[in-house]
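So the chains spell out like this:
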Amino acid sequence: MGKRLLELFAYRELLANLVIRDLKLRYKNSALGFLWSLVNPLLMMLVFTVVFQFLRPDNRIHHFPVFALCAILPWNFFSSSLSRSVNSVVGNAHLLKKVYFPREVLPISVVTSGLVNFLLALLVLFGMLHIFGIGLTKWVLYLPLVILAQFFFALGWALVLSTLNVFYRDTSIIMGVLLQAWFFLTPVMYPIDLLPTSHQVMGITLPVQRLMYILNPMASIIASYRTLLYGSINGAPPGPPAWDFFSRTVVTCLVFLLLGYAIFTHYSPRFGEEV
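The structure displayed is predicted, hence computed values, not measured ones.

Criteria and thresholds
- Residues numbered from 1 in each chain as written.
- Predicted model: local features only at pLDDT ≥ 70, side-chain atom pairs only at ≥ 80, totals over all residues.
- Heavy atoms only, no water.
- Helix = DSSP H or I, 4+ residues; strand = E, 2+ residues; numbered from the N terminus.
- Rg over C-alpha atoms; globule rule 2.2 N^0.38 Å.
- Buried < 20%, exposed > 50% of the residue type's maximum accessible area, 1.4 Å probe, protein only.
- Expected span 1.5 Å × (residues − 1).
- Arc of directions from axis to C-beta.
- Patch = residues over 30% accessible without salt bridge, like charges linked within 9 Å, V, L, I, M, F, W, Y side chains within 5 Å.
- Areas by Shrake-Rupley, 256 points an atom, 1.4 Å probe, with all protein chains shown as cover.
- Salt bridge = Lys/Arg side-chain N within 4 Å of Asp/Glu carboxyl O.
- Polar contact = N/O pair within 3.5 Å; in protein donor to acceptor, adjacent residues only side chain to side chain.
- Contact = heavy atoms within 4.5 Å.
- 1 Å grid on protein atoms, 1.4 Å probe; cavity = no way out; pocket = protein on both sides within 12 Å on 5 of 7 lines; lining within 4 Å.
- Points joined across faces, edges and corners; volume = space filled by probe spheres on them.
- Nonpolar A, V, L, I, M, F, W, Y, C, P; charged D, E, K, R; others polar.
- Axes fitted to C-alpha atoms, helices over the stretch in contact; angles between N-to-C directions.
- Parallel < 35°, antiparallel > 145°, perpendicular 65-115°, else oblique.
- Phe/Tyr/Trp six-rings, centres within 6.5 Å; stacked < 30°, edge-to-face > 60°.
- Lys NZ or Arg CZ within 6 Å of the ring centre and 35° of its normal.

Caption draft 1: The arrangement of the overall build of the chain in detail. When you go through the chain residue by residue, the secondary structure sums to 12 helices and two strands. When the helices and strands of the chain are placed in sequence order, the string is α-α-α-α-α-α-α-α-β-β-α-α-α-α. In terms of overall size, the chain behaves like a compact globule, its C-alpha atoms giving a radius of gyration of 20 Å where 275 residues would be expected to give roughly 19 Å. With respect to the three principal axes, the spread of C-alpha positions in the chain is 60 × 55 × 35 Å.

Caption draft 2: Spatial organisation of unusual backbone geometry. Positioned with a positive phi, His63 is a non-glycine residue whose angle comes to about 50°. Judged by relative accessible area, which is 23%, His63 ranks as partly exposed.

Caption draft 3: Region of interest: helix α8 (residues 171-184). Along its 14 residues, α8 runs 20 Å from first to last C-alpha, staying within 8% of the 20 Å computed at 1.5 Å per residue. For α8, the set of buried residues is Thr171, Met175, Leu179, Trp182 and Phe183. Across the axial projection of α8, the buried residues extend over an arc of 100°, all falling on one side. In α8, the exposed residues that point more than 90 degrees away from the buried face are Ile173, Val177, Gln180 and Phe184.

Caption draft 4: A nonpolar patch on the surface, seen in detail. Together, Leu141, Tyr142, Leu145 and Trp243 make up an exposed nonpolar region whose accessible area comes to about 420 Å². One can find Tyr142 in the loop between α6 (105-131) and α7 (143-167).

Caption draft 5: Representation of the side chain of Thr186 within the structure. With respect to the helices, strands and loops of the structure, Thr186 is situated in the loop between α8 and β1 (199-201). On the accessibility criterion, Thr186 (0% relative accessible area) is buried. Here Trp182 takes part through its backbone oxygen, which lies 2.8 Å from a polar atom of the side chain of Thr186. Residues contacting Thr186, with those up to four places away along its chain left out, are Trp75, Asn216, Met218, Ala219 and Ile222.

Caption draft 6: Local environment of the layout of surface pockets. Within this model, the largest pocket holds a volume of roughly 340 Å³. It is helix α10 (residues 217-229) that provides the largest number of residues to the lining of the largest pocket, a total of five residues. Of the residues in the lining of the largest pocket, the class split is 11 nonpolar, four polar and two charged.

Caption draft 7: Region of the structure containing the packing of helix α9 (residues 208-215) against α10. The contact between α9 and α10 brings their axes to 4 Å, and the two run at 100°. When the interaxial angle is binned, α9 and α10 end up roughly perpendicular. Two secondary-structure elements touch here, α9 through Met212, Tyr213 and Leu215 and α10 through Pro217, Ala219, Ser220 and Ala223. Grouping the constituent residues of the contact of α9 with α10 by class yields six nonpolar, one polar and no charged.

Caption draft 8: Representation of helix α2 (residues 12-26) within the structure. Between its terminal C-alpha atoms α2 stretches 21 Å, which fits the 21 Å expected from 15 residues at 1.5 Å a residue. Along α2, the residues that are buried comprise Leu15, Leu18, Val19 and Asp22. Seen from one end, α2 has its buried residues packed into an arc of 105°, which puts them on one side. Of the exposed residues in α2, those oriented more than 90 degrees away from the buried face are Glu13 and Lys24. Summarising the contacts, the buried residues of α2 are in contact with α4 (64-85) and α6.

Caption draft 9: Structural context of the environment of Val124. The residue Val124 is located in helix α6 in this model. Judged by its relative accessible area of 11%, Val124 falls in the buried class. Taking C-alpha positions, Val124 is 40 Å from Val99, a pair spaced 25 residues apart along the chain.

Caption draft 10: Summary view of the packing of aromatic side chains. One pass over the full model with this rule turns up 23 aromatic pairs. When the ring of Phe67 is compared with that of Tyr230, the centres are 5.7 Å apart and the planes differ by 65°; the resulting orientation is edge-to-face. Here Phe67, found in helix α4, pairs with Tyr230, found in the loop between α10 and α11 (243-267); they are 163 residues apart in sequence, far enough to count as distant. The burial state of Phe67 is the same as that of Tyr230; both residues are buried. Grouped by ring-pair contacts, the aromatic residues Phe48, Trp75, Phe78, Phe153, Trp157, Trp182, Phe183, Phe184 and Phe256 constitute a single cluster. A cation over a ring is seen here: Arg12 above Phe9, with NZ or CZ 4.3 Å from the ring centre. The ring of Phe67 carries the charged tip of Arg226 above its face, separated from the ring centre by 3.6 Å.

Nothing here speaks to function; it is all geometry.
The following block contains the structure:
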């Protein structure tokens, strides 16, 4: 594995060029260009604010636009990384057949371009924090750790999905449906407190909220963003994440990255034949 990582580092210029290409394609022929990375989350925030604060008001949530934006931005990063990386290998079949390079460069470039887009969109969130009087606290220094954990998790999925799509071309269609379901199963537009603490199923008590965090790493990641930048729905200021809780999330993300990398490198020698 160390040899492959060194080889990947040797192709860092190719990776940078693919990231730049992906960013250009993302906003090709659009009037606003990269400004869409700022406008898009604002429009989504506006829609959800109208729905959840006016049509179906929930007065328990303090500063709902910021509450929503703290989840919309990381979710957009995650979902776009997965949906775009599915075709990262198949869509570059002409490159695979012409020259040799580490195949993992392709999904890595897609997720990295999504990361750049996400970092640009964070400027909108920082602006909203000041508008609503929350501001940036010292806890924002821990933000890179959360971003890195999410990057690892998204990359692990990207490696798995891009591999699956080489052999099963309907992977992208299925993943689109799964992402929609995943969105509603993740506390993006609602607080985790909306779910019951526990629930009885066939005489067995299930810790619903705890299971949400354990089985859905995106729920844990979004909760970490909110803790560091937003605080809580009752108006409590931002603070540090619970380190035992966050460390488990990081370990889960790393394990999934290693699993995805192992699957990708195992099947990558067959990519040239299949695409």
